Amino acid sequence: MMALASTIETSSHPDRKRPRLLRRAIDRTLISALTAKVQDAARARGWIDRNGRAAPNMHARRLATDDPGYVSFLADVLALREVAALRADAGLEAALMRASGHRLKPLAADICRITFPGEAHGTAAHQDAWYCRTPGLWIAWLPLVNCPRRLGALQVAERETDLLPHDEGGLTDDGPVTWNSVPCAAGDVLLFTGLTPHKSLPNRSVCRPRLSIDLRFGLCPR
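Residues numbered from 1 in each chain as written. Predicted model: local features only at pLDDT ≥ 70, side-chain atom pairs only at ≥ 80, totals over all residues. Heavy atoms only, no water.

**Some remarks on empty space enclosed by the protein**
As a reminder of what qualifies: Here a cavity denotes a set of grid points, spaced 1 Å apart and computed over the protein atoms alone, in which a 1.4 Å probe fits but from which it cannot get out, and a pocket denotes an open set meeting protein on both sides within 12 Å along at least five of seven lines; residues with an atom within 4 Å of a point are reported as lining. Grid points are joined across faces, edges and corners, and a volume is the space filled by probe spheres set on the points. The helix and strand labels rest on DSSP assignments: H or I over at least four residues marks a helix, E over at least two residues marks a strand, and numbering proceeds from the N terminus. Side-chain classes are defined by residue name, with Ala, Val, Leu, Ile, Met, Phe, Trp, Tyr, Cys and Pro counting as nonpolar, Asp, Glu, Lys and Arg as charged, and the others, Gly among them, as polar.
Scanning all chains against the criterion turns up one cavity of 30 Å³ or more. Lining the largest cavity are 14 residues, with Arg 113, His 126, Leu 154, His 198 and Asp 214 positioned closest to its centre. At the level of elements, strand 4 (138-143), strand 10 (198-200) and strand 11 (210-219) are the ones that each hand at least two residues to the lining of the largest cavity. Within the lining of the largest cavity, the residues separate by chemical class into four nonpolar, four polar and six charged.

**With respect to the environment of Val 177**
Put simply, the rule reads: Residues count as neighbours in contact if any of their non-hydrogen atoms are within 4.5 Å of one another.
Mapped onto the secondary structure, Val 177 falls in the loop between strand 7 (170-171) and strand 8 (179-182). Separated by 30 residues in the primary sequence, Val 177 and Cys 207 place their C-alpha atoms 31 Å from one another. Apart from the residues within four sequence positions on either side, Val 177 is in contact with Ala 157 and Pro 197.

**Quick notes on the pairing of strand 4**
What counts here: Relative accessibility under 20% of the residue-type maximum defines a buried residue, over 50% an exposed one, and the middle range a partly exposed one, all with a 1.4 Å probe and only protein chains included. Pairing between strands requires that DSSP locate at least two bridges from one strand to the other.
Counting buried positions over the six residues of strand 4 gives six, a clear majority of the element. Residues of strand 4 alternate between two faces, with Trp 138, Ala 140 and Leu 142 on one and Ile 139, Trp 141 and Pro 143 on the opposite face, all of them buried. Relative to strand 9 (residues 189-193), strand 4 runs antiparallel, the two sharing four bridges. Within strand 9, the position partnered with Ala 140 by the bridge is Leu 191. Where strand 4 lies against strand 11, six bridges are found, and the strand directions are antiparallel. Counted as the bridge partner of Leu 142 is Ile 213 from strand 11.

**Quick word on the environment of Thr 161**
Among the structural elements, Thr 161 can be located in the loop between strand 5 (154-157) and strand 6 (166-167). Accessibility expressed as a relative area gives 26% for Thr 161, which makes it partly exposed. Those residues within four positions of Thr 161 in sequence are excluded, and the remaining contacts are Gln 127, Leu 195 and Pro 197.

**Quick look at unusual backbone geometry**
Positive phi values are uncommon outside glycine, yet Arg 24 reaches one of about 50°. Structurally, Arg 24 can be placed in the loop between strand 1 (20-22) and helix 1 (28-44). Positioned with a positive phi, Ala 60 is a non-glycine residue whose angle comes to about 70°. With respect to the secondary-structure elements, Ala 60 resides in the loop between helix 1 and helix 2 (68-78). You can call Ala 60 partly exposed: its relative accessible area is 41%.

Written out as structure tokens, the structure reads:
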């Protein structure tokens, strides 16, 4: 499998269809503060213990997007000032402009994900553009904890594609896609377009949940 780092464009004229992985791009103090508050929100719902380990009843559980507990968790997290600070981060804004060639604005379509250990499979392959039909869609995916393969690292295609057929489970056929696993550390940022197929590996850790946040951006109106 090709390492993603070898495919990332670093020149002044990047290939705008490829994902871009930025190491240590976000201030660790900000990420640490956000992680602590996300863990507090999860702990308040009985999902993790005081040491950040998944509660026994959450082992192998996947929260549905319409689960009332998850809906309230997401609302609490996305209202945090640390999330607002991430959306407005000058370094992230500049990286998005370099990657996309455009000035992008934050969208009200962000997601904070918590993935518990023991799941049978990771997040299914999909393209965010199937669900979020915003012109010039870009995603900034940020792990809030170190995310090696064992914890459910993201896998992305080498470059964006046309919009592919989906059903309720994601891509109907991801056979033609070449996948690249992207182990990341807290503070890293993975940038990719809304047309880039991606999925995740399952969380195979013993007790640690994977925490991450997806920030979505689109073209500014002229």
